[in-house]
Amino acid sequence: MKPYIVEEFSNGILLFTINRPEKRNAVNYEIMDGLEHALNLANNKKVKVFAITGAGDLAFCSGGDLSAFHCLRTEDEAFEMLNRMSDLLVKLFYLQKPTVALLNGTAVGGGCELASACDFRIARKNVKAGFIQGTLAITTGWGGGTFVSEKLLPANAMKMLMEASLYDTKQLEDLGFVQMIADGDLLESSKHFLEKMLRLDVNVLKAYKMMFINKWEKAGLKERVKEEVRRCSELWEDEAHHKQVAKFLGIK
Ligand SMILES: CC[C@@H](C(=O)O)C(=O)SCCNC(=O)CCNC(=O)[C@H](O)C(C)(C)COP(=O)(O)OP(=O)(O)OC[C@H]1O[C@@H](n2cnc3c(N)ncnc32)[C@H](O)[C@@H]1OP(=O)(O)O
């Protein structure tokens, strides 16, 4: 089974699906390679909207693959991995066309960061999402803290980051994290949400997105993401983090 799927639809949507439902669509290095490939394809003029989802109906993405990354012990080792994924999420954040996360299931930790890097989030009913990194004695490390603070009211972004909890769809909508709760098929619902944008010329969409990109550039977004990655790497090295991950993996 391929760990990711890239599909291009005739209406201009390019869809990237993380296809590891048995691991709740956790991100390992193969998924990073796949995301990089999909982002390169998304630059094509025929693509109007870039969408990301997860396979199955249990998880959108459960964040970093803890079994793959548990071997990273030091600050430098953690930095290399976190920096690679944060570079990809910055690329996604800065994509010069609309981007949407289709939350087919739970979005946890880095999964929530991936969703935050998109312009819009559409959730299936009854999904949960949250930046639970604090419970692992780390912070967001892929840029998600910076992204969400650009997208939400400051108090709502701080609440989500500092509570390190999961929220239901209604709460996520109230926080401004989710723009639409989908009834029925998620991809079909997203087409309804996006149809007005899909009618416009790709250069118009690009021009609008550039207004936001210029603002983020002026606000030093890339430097802030690097700082976030650095701080998370420092915490990663601590025994408190390794202990929590070992607990999740059932390692004594
Ligand atoms: C590393 C980057 C960092 C960041 O910068 O943000 C992070 O992402 S930290 C956050 C990492 N993520 C987590 O801590 C989430 C861990 N997972 C869960 O809490 C739960 O699995 C779930 C996502 C809420 C789903 O629960 P449930 O449906 O009950 O499934 P299971 O727990 O039974 O899991 C099934 C299966 O999948 C494996 N799994 C799940 N998440 C991960 C993960 N992040 N990494 C690796 N493996 C994961 C889990 O171990 C089970 O495997 P098997 O036991 O082999 O069946």
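Cut-offs applied
- Residues numbered from 1 in each chain as written.
- Predicted model: local features only at pLDDT ≥ 70, side-chain atom pairs only at ≥ 80, totals over all residues.
- Near = placed C-beta within 6 Å.
- Helix = DSSP H or I, 4+ residues; strand = E, 2+ residues; numbered from the N terminus.
- Nonpolar A, V, L, I, M, F, W, Y, C, P; charged D, E, K, R; others polar.
- Pairing = 2+ DSSP bridges.
- Axes fitted to C-alpha atoms, helices over the stretch in contact; angles between N-to-C directions.
- Buried ≥ 20, exposed ≤ 12 C-beta atoms within 10 Å, placed from the backbone.
- Core = buried A, V, L, I, M, F, W, Y, C linked by C-beta atoms within 7 Å.
- Contact = placed C-beta atoms within 7 Å.
- Right-handed = clockwise from strand over helix to strand, strands pointing away.
- Parallel < 35°, antiparallel > 145°, perpendicular 65-115°, else oblique.
- Left-handed = near helix turned anticlockwise from the far one by under 90°.

The name an unreviewed UniProt entry assigns to the protein chain is Ethylmalonyl-CoA decarboxylase, from the organism Cytobacillus citreus.

## Quick word on the site of the ligand
Among the 25 residues in the neighbourhood of the ligand, the closest are listed as Gly 63, Gly 64, Gly 109, Gly 110 and Gly 141. Contributions of two or more residues to the shell around the ligand are made by helix H2 (66-69), strand E6 (106-108) and helix H4 (110-116). For the shell around the ligand, the leading source of residues is H2, giving three residues. Counted by class, the shell around the ligand contains eleven nonpolar, ten polar and four charged residues.

## A short note on the sheet that holds strand E2 (residues 13-18)
Taken in spatial order, the six strands make up an open sheet running E1-E2-E3-E5-E7-E10, and their pairing is mixed. The outermost strands of the open sheet, each flanked by one partner alone, are strand E1 (4-8) and strand E10 (180-182). Averaged over neighbouring strand pairs, the angle between their axes works out to 20 degrees when direction is ignored. Where strand E3 (residues 49-54) lies against strand E5 (residues 99-103), three bridges are found, and the strand directions are parallel. Opposite Phe 50, over in E5, you have Thr 99 as the bridge partner.

## Points about the environment of Glu 8
Here Glu 8 is to be found in strand E1. Judged by the 15 C-beta atoms lying within 10 Å of it, Glu 8 is partly exposed. Along the backbone, Glu 8 and Phe 50 are 42 residues apart, and their C-alpha atoms lie at a distance of 9.4 Å.

## Regarding the nonpolar core
With 69 residues, the main nonpolar core has Leu 89, Val 100, Ala 101, Leu 103, Ala 115 and Ala 129 as its most contacted residues. Here this core gets ten residues from one element, more than from any other, and that element is helix H3 (residues 75-93). Beyond its immediate sequence surroundings of up to four residues, Leu 103 is in contact with Phe 60, Ala 115, Arg 121, Ile 122, Ala 123, Arg 124, Val 127 and Ala 129.

## A closer look at the pairing of E3
Among the six residues in E3, six count as buried, and that is most of the element. Residues of E3 alternate between two faces, with Val 49, Ala 51 and Thr 53 on one and Phe 50, Ile 52 and Gly 54 on the opposite face, all of them buried. Two strands pair when backbone bridges link them, and E2 and E3 are joined in this way by six bridges, in the parallel orientation. Of the residues in E3, the one forming a bridge with Ile 13 is Val 49. What joins E2 to E3 is helix H1 (residues 29-42), and the crossover it makes is right-handed.

## Some thoughts on the packing of helix H5 (residues 144-151) against helix H6 (residues 154-163)
Running from amino to carboxyl end, H5 crosses H6 at an angle of 150 degrees, the nearest separation of the two axes being 8 Å. Judged by the angle between their axes, H5 and H6 are roughly antiparallel. Like other packed secondary-structure pairs, H5 and H6 cross with a definite hand, here right-handed. Together, Gly 145, Val 148 and Ser 149 of H5 and Pro 154, Ala 157, Met 160 and Leu 161 of H6 make up the contact between the two elements.

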